[in-house]
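Here are the chains, one letter per residue:
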There are 2 protein chains.
Amino acid sequence: MYEGAVQDLIDELGRLPGVGPKSAQRIAFHLLSADPTDVRRLVDALIEVKARVRFCDICGNVTQEDQCRICRDPRRSATVICVVEEPKDVVAVERTREFRGRYHVLGGAINPIAGVGPDDLRIKELLTRLASGEVTEVILATDPNVEGEATSTYLARMLVPLGLTVSRLASGLPVGGDLEYADEVTLGRAFEGRRRINA
Amino acid sequence: MYEGAVQDLIDELGRLPGVGPKSAQRIAFHLLSADPTDVRRLVDALIEVKARVRFCDICGNVTQEDQCRICRDPRRSATVICVVEEPKDVVAVERTREFRGRYHVLGGAINPIAGVGPDDLRIKELLTRLASGEVTEVILATDPNVEGEATSTYLARMLVPLGLTVSRLASGLPVGGDLEYADEVTLGRAFEGRRRINA
């Protein structure tokens, strides 16, 4: 409906998750009349993220160094690992202030319909970390939905025989939802009430 | 909560209209794991819009030339002008296929609370266009809300004494809303049923 560049921008914005055609149009016109320095800041932020952000060598969290802030922090316990699906889940758990160990970010959950199997997740890297013997406890904090439960079940079957204390976040999280949307209190309670899995 | 570049991007995205903190985070992580060429396309679209898109010398609509597509089109009647607030309203009216004249984009509506007065809108440019004598009819298609009504009332008082046929879009549009959200049928009916203003 619009000429060249405006329509191109609306199309590109419309491809973003949660941005429909009307929102894309609204954002495009906002940017069109916005101060050029504001748009430049957005452009720079996009370029910087792609250029500088990478994934932590150890845990798979996002970072601008070889290792993330948490893996570099000597005050964090190296004996407990909390396994999550995505970097945003690390932030959600950090907000509860309930956990002082390290993380392992899988990069997703087992989802046969979307063609995501165990080999597509950072499970091999997790086993390598556990091989050193320093870790004694693993907390499975995948999303409380079908894919997250399947992933935790899969990991528990693999980790319990290794003699580790393996737990899953307690119910209390609304089922069928996303971990990142849980409020701090609910997520904190789920941490406290985590239940041990005995194979 | 995040390191450098990721947080910067979330902050910048969160400044866009209709994008809350959770959506900004979701979009940022989508872009983080997206193909670099997809992000490059978005970056290019942003840069192109700011570099190439400007406002039509005649009507104030968005364009990449000196004059917009509609003002350049000799098949469009030069005797009727439809006055709208924003370029997106031009697109909304075009979708009805009810109107074959030209447009005039005011760039907003009179809104004393936001400090927008008649002098901040492209009203002087409208009067210049009308001075040539070619235009015989003006359709006031501002938003059906308080600011849009105030703007149309202001314009009608100015234009009716010039001997022009001045009309306002018919009721049928839901009051208190935005013109751009009207469906084609409703907006088409409003065009058909527009009522003449007699000073």
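Residues numbered from 1 in each chain as written. Chains lettered and ligands numbered in written order. Predicted model: local features only at pLDDT ≥ 70, side-chain atom pairs only at ≥ 80, totals over all residues. Heavy atoms only, no water.

- Chain A appears in an unreviewed UniProt entry as Recombination protein RecR from Pengzhenrongella frigida.
- Checking UniProt for chain A, the heading Sequence similarities (unreviewed entry) contains the comment "Belongs to the RecR family."
- Under the UniProt heading Function (unreviewed entry), the entry covering chain A gives this text: "May play a role in DNA repair. It seems to be involved in an RecBC-independent recombinational process of DNA repair. It may act with RecF and RecO." (UniProt positions renumbered as here; feature names shortened; annotations may be inferred.)

**A closer look at the packing of aromatic side chains**
Right, on to step 1. If you walk through the whole model with that rule in mind, you get 6 aromatic pairs over all chains.
Right, on to step 2. Aromatic pair Phe99(B) and Phe191(B): ring centres 5.7 Å apart, planes at 50°, arrangement tilted. Highlighted residues: Phe99(B) in the loop between helix H5 (87-96) and strand S4 (102-105) and Phe191(B) in helix H8 (residues 184-192), separated in sequence by 92 residues.
Right, on to step 3. Counting every residue linked through ring pairs, the aromatic cluster contains Phe99(A), Tyr103(A) and Phe191(A). (Phe/Tyr/Trp six-rings, centres within 6.5 Å; stacked < 30°, edge-to-face > 60°. Helix = DSSP H or I, 4+ residues; strand = E, 2+ residues; numbered from the N terminus.)

**Examining the UniProt feature "zinc finger region: C4-type" (unreviewed entry) in chain A**
Right, on to step 1. UniProt's entry tags residues 56-71 of chain A with the feature "zinc finger region: C4-type" (unreviewed entry), counted in the numbering of this structure.
Right, on to step 2. Helix makes up 19% of residues 56-71 of chain A and strand 12%, with an end-to-end C-alpha separation of 8 Å.

**Let's talk about the domain arrangement of chain A**
Right, on to step 1. You can read the domains of chain A as domain 1 (4-52) and domain 2 (66-196).
Right, on to step 2. Here domain 1 of chain A and domain 2 of chain A have C-alpha centroids that lie 34 Å from each other. (Domains from an automatic or database assignment.)

**Quick notes on helix H3 (residues 36-52) of chain B**
Right, on to step 1. Taking 1.5 Å of rise per residue, 17 residues should cover 24 Å, and H3(B) covers 24 Å from first to last C-alpha, within 8% of that figure.
Right, on to step 2. Among the residues of H3(B), those classed as buried are Val39(B), Leu42(B), Val43(B), Ala45(B), Leu46(B) and Val49(B). Buried residues in H3(B), looked at end-on, bunch into an arc of 150°, giving them a common side. Exposed and oriented more than 90 degrees from the buried face of H3(B) are Pro36(B), Thr37(B) and Ala51(B).
Right, on to step 3. The inward-facing, buried residues of H3(B) abut helix H1 (4-14), helix H2 (21-33) and helix H3 (36-52) of chain A together with helix H2 (21-33) of chain B. (Expected span 1.5 Å × (residues − 1). Buried < 20%, exposed > 50% of the residue type's maximum accessible area, 1.4 Å probe, protein only. Arc of directions from axis to C-beta. Contact = heavy atoms within 4.5 Å.)

**As for helix H8 (residues 184-192) of chain A**
Right, on to step 1. Along H8(A), the residues classified as buried are Thr186(A), Leu187(A), Gly188(A), Ala190(A) and Phe191(A).
Right, on to step 2. Where H8(A) is buried, its residues meet strand S3 (80-84), helix H5 (87-96) and strand S5 (137-140) of chain A.

**Considering the relation of the copies chain A and chain B**
Right, on to step 1. Least-squares fitting of chain A to chain B yields an RMSD of 0.1 Å, with the transformation described by 0.0 Å of translation along the axis and a rotation of 180°. The superposition operator between the copies reduces to a two-fold rotation axis. Within chain A, Val43(A) has its C-alpha nearest the rotation axis, a separation of 2.9 Å.
Right, on to step 2. Comparing interface residues between copies, 100% of those in chain A also lie at the interface in chain B; the contact surface is shared. (Least-squares fit on C-alpha atoms with pLDDT ≥ 70 in both.)

**Observations regarding the layout of surface pockets**
Right, on to step 1. Space inside the largest pocket adds up to approximately 580 Å³.
Right, on to step 2. Looking at the largest pocket, it is lined by 29 residues, and the ones nearest its centre are Glu85(B), Glu86(B), Lys88(B), Gly107(B) and Gly108(B).
Right, on to step 3. Taken together, the elements giving at least two residues each to the lining of the largest pocket come down to H2 of chain A together with H5 and helix H7 (146-159) of chain B.
Right, on to step 4. Counting residues per element, the lining of the largest pocket draws most heavily on H2(A), which supplies 5 residues. (1 Å grid on protein atoms, 1.4 Å probe; cavity = no way out; pocket = protein on both sides within 12 Å on 5 of 7 lines; lining within 4 Å. Points joined across faces, edges and corners; volume = space filled by probe spheres on them.)

**Regarding the pairing of strand S6 (residues 165-168) of chain A**
All names here are of chain A.
Right, on to step 1. In the sheet, S5 pairs with S6 via 4 bridges, with the strands oriented parallel. For Glu137, the partnering residue across the bridge sits in S6 and is Thr165.
Right, on to step 2. Of the crossover connections in this fold, the one passing from S5 over helix H7 (residues 146-159) to the parallel S6 is right-handed.
Right, on to step 3. Taken together, the 2 bridges between S6 and strand S7 (residues 195-196) define a ladder with antiparallel strand orientation. When the bridges of S7 are listed, Ser167 appears paired with Arg196. (Pairing = 2+ DSSP bridges. Right-handed = clockwise from strand over helix to strand, strands pointing away.)

**Examining empty space enclosed by the protein**
Right, on to step 1. Counted under the stated rule, the structure contains 1 cavity of 30 Å³ or more.
Right, on to step 2. Its volume calculated, the largest cavity comes out at about 40 Å³.
Right, on to step 3. Around the largest cavity, the lining residues are Leu13(A), Leu16(A), Leu31(A), Leu42(A), Leu46(A), Leu13(B), Leu16(B) and Leu42(B).
Right, on to step 4. When grouped by side-chain class, the residues that make up the lining of the largest cavity number 8 nonpolar, no polar and no charged. (Nonpolar A, V, L, I, M, F, W, Y, C, P; charged D, E, K, R; others polar.)

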